[in-house]
Amino acid sequence: MLRLQERCEGFTGLEAAIVLIAFIVVASVFAFSVIGAGYFATQQTQSTAYTALQQTGSTLEILGYVHGIKRADDEIGAIQFNVGLAPGGKYIDFSKMVLTWTTRDEIRTYDANEPLYNTTIDEGKWGIMGIKPTDATGDTVLEPGETYTIYVNLTSGEELGPGDEFSLELTSTSAMSLIISRSAPWQIDNINTLY
């Protein structure tokens, strides 16, 4: 007679629990690694963004209108406007500022007046004619809460006639560029608001 042998090969509850715990541990380690890599990438992105903002520097903004001052023969011979720091800006050193003048016929870099802050700006130069508040130090570093009145005294022969368009760009290594594009009105008065 044949006798059947009993085999005790089965998956008991204890073995199942051990395997389940092993899977949970491996999944936890994997999840921790993925989350850690995500945090690292986020920190690197944040660091890059802050570095870019610091390198960009402060931003200028126009305060009020841009005015054209009549010189003679119904032509605009000077441009005047106010600038200040955009919210969150730290400071901008105007002694390092470069002013580029562009019309349909030419592109020209205007030299800064000597001294830069003066009530009289020489022909063919640009400078700071006024600083507000009036108790400001009078230096050439624009700080939060200050307003500079910039005056560009155009070179003789480069005056703007009725309807002439121009572009003016202020650039510096410590600030974003400010570009002003306007056109002279068809009827030129002593002081003109340029749009």
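Values in this document were obtained by computation on a predicted structure and should not be read as measured data.

Participant: Tell me about the sheet that holds strand S10 (residues 175–183), and name the residues and values.
Facilitator: Pairing in this open sheet of nine strands is mixed, and the strands run S10-S9-S4-S5-S6-S8-S2-S1-S11 from one edge to the other. Lying at the two open borders of the sheet, with one neighbouring strand each, are S10 and strand S11 (191–194). The mean inter-strand angle of the sheet, taken between neighbouring strand axes irrespective of direction, is 25°. In the sheet, strand S2 (residues 75–85) pairs with strand S8 (residues 147–153) via six bridges, with the strands oriented antiparallel. The partner of Val 83 across the bridge, within S8, is Tyr 148.

Participant: Can you lay out the layout of surface pockets for me, pointing to particular residues and giving the numbers?
Facilitator: Volume-wise, the second largest pocket comes out at about 230 Å³. Lining the second largest pocket, in full, are Thr 103, Arg 104, Asp 105, Glu 106, Gly 157, Glu 158, Glu 159, Leu 160, Pro 162, Gly 163, Asp 164 and Glu 165. Along the lines of polarity and charge, the residues of the lining of the second largest pocket split into two nonpolar, three polar and seven charged.

Participant: Give a detailed account of the UniProt feature "transmembrane region" (unreviewed entry) in the chain, specifying residues and quantitative values.
Facilitator: If you check UniProt for "transmembrane region" (unreviewed entry), the listed places come out as residues 12–41 in our numbering. Summarising residues 12–41: 97% helix, 0% strand, and an end-to-end C-alpha distance of 44 Å.

Participant: So, the packing of aromatic side chains: which residues are in play, and what are the values?
Facilitator: For the coordinates displayed, the defined rule picks out five aromatic pairs. With a centroid separation of 6.4 Å and 80° between ring planes, the pair formed by Trp 101 and Tyr 110 is classed as edge-to-face. When its relative accessible area of 0% is taken as the criterion, Trp 101 is described as buried. In this structure Tyr 110 comes out as buried when scored by relative accessible area, which is 2%. Here the aromatic rings of Trp 101 and Phe 166 are separated by 4.8 Å at their centres, their planes lie at 15°, and the arrangement is stacked.

Participant: Give me the side chain of Glu 158: which residues, what numbers.
Facilitator: Tracing the sequence through the fold places Glu 158 in the loop between S8 and strand S9 (165–172). Only 3.4 Å separates the side chain of Glu 158 from the side chain of Arg 108, close enough to count as a polar contact. For Glu 158, the contacting residues outside a window of four places in its chain are Glu 106, Arg 108 and Tyr 110.

Participant: Could you give an account of the nonpolar core, with specific residues and numbers?
Facilitator: In this structure, Ile 79, Phe 81, Phe 94 and Val 152 are the most contacted members of the largest nonpolar core, which totals 32 residues. Looking at this core, the elements that each hand over two or more residues are strand S1 (60–72), S2, strand S4 (98–103), strand S5 (107–117), strand S6 (125–132), S8, S9 and S10. Sort the elements by how many residues they give to this core and S2 lands first, with five residues. Sequence-distant contacts of Phe 94, that is, excluding residues within four places in its chain, are made with Leu 60, Val 83, Leu 116, Trp 126, Ile 128, Thr 140, Leu 142, Tyr 148 and Ile 150.

Participant: Give a description of a nonpolar patch on the surface that names residues and reports values.
Facilitator: On the surface, Ile 21, Val 25 and Val 29 cluster together to form a nonpolar patch covering roughly 270 Å² of accessible area. Here Ile 21 shows up in helix H1 (residues 13–56).

Participant: Explain unusual backbone geometry to me, using residue names and the numbers behind them.
Facilitator: Omega for the peptide link from Glu 114 to Pro 115 comes to -5°, which places this bond in the cis form. Looking at the element boundaries, Pro 115 is found in strand S5. Omega for the bond connecting Lys 132 with Pro 133 falls within 30 degrees of zero, at 0°, which places this linkage in the cis form. Examined against the element boundaries, Pro 133 turns out to sit in the loop between S6 and strand S7 (141–142). Non-glycine residue Asp 74 carries a positive phi angle of around 55°. Along the chain, the position of Asp 74 falls in the loop between S1 and S2. Overall, the relative accessible area of 42% leaves Asp 74 in the partly exposed class.

Participant: Account for the pairing of S1, with residues named and values stated.
Facilitator: Each regular strand displays side chains that alternate between the two surfaces of the sheet. Inspection of the sheet shows S1 paired to S2 by nine bridges, in the antiparallel sense. Its bridge partner being in S2, Ile 69 is matched across the sheet by Ala 78. Once S1 ends, the chain turns through two residues before running back antiparallel as S2, passing Asp 73 with a positive phi of about 55°. The pairing of S1 with S11 spans four bridges and is antiparallel. Residue pairing across strands places Val 66 opposite Leu 194, the latter belonging to S11.

Conventions we followed
Residue positions are given per chain, counting from 1 as you read along its sequence in written order. Local features in a predicted model are, by the rule used here, given only for residues with pLDDT of at least 70; side-chain atom pairs are given and counted only at 80 or more, and totals for whole chains, interfaces and linings are based on all residues. The side-chain values count all of the structure's non-hydrogen atoms but skip hydrogen atoms and water molecules. Note: two strands are recorded as paired if DSSP finds a minimum of 2 bridges between them. Secondary structure is summarised from DSSP: a helix means a run of H or I of at least four residues, a strand means a run of E of at least two, and numbering begins at the N terminus for each. Structural elements are reduced to axes, namely lines fitted to C-alpha atoms, with helices fitted over the stretch in contact, and the angle between N-to-C directions of any two is expressed from 0 to 180 degrees. Using only the protein atoms, space was sampled on a 1 Å grid; points where a 1.4 Å probe fits but cannot get out form cavities, open sets with protein on both sides within 12 Å along at least five of seven lines form pockets, and lining residues are those with an atom within 4 Å of a point. Grid points are joined across faces, edges and corners, and a volume is the space filled by probe spheres set on the points. Nonpolar residues are Ala, Val, Leu, Ile, Met, Phe, Trp, Tyr, Cys and Pro. Charged residues are Asp, Glu, Lys and Arg, and all others, Gly as well, are polar. UniProt positions are given in the numbering used here, feature names are shortened, and annotations may be inferred rather than shown by experiment. Each aromatic pair joins two rings of Phe, Tyr and Trp (for Trp, the six-membered one) with centres within 6.5 Å, and gets the label stacked for planes under 30 degrees apart, edge-to-face for over 60, and tilted for any other angle. Each residue is assigned to one of three classes by its accessible area relative to the maximum for its type, calculated with a 1.4 Å probe on protein chains only: buried under 20%, partly exposed between the two thresholds, exposed over 50%. Each polar contact in these results corresponds to two N or O atoms within 3.5 Å; when the atoms are within protein, one needs to be able to donate a hydrogen and the other to accept it, and residues that are neighboring in sequence are counted only if both atoms are side-chain atoms. When checking whether two residues touch, look at their non-hydrogen atoms; a contact exists if any pair is within 4.5 Å. Residues grouped as a nonpolar core are buried Ala, Val, Leu, Ile, Met, Phe, Trp, Tyr and Cys residues, joined through side-chain atoms within 4.5 Å. The patch calculation keeps residues exceeding 30% relative accessible area without a salt bridge and links them within 9 Å when they carry like charges or within 5 Å when they are nonpolar (Val, Leu, Ile, Met, Phe, Trp, Tyr). For the area figures, the Shrake-Rupley method with a 1.4 Å probe applies, and any residue is considered shielded solely by the protein chains shown. Salt bridge, as applied in this entry: a Lys or Arg side-chain nitrogen positioned within 4 Å of an Asp or Glu carboxyl oxygen.

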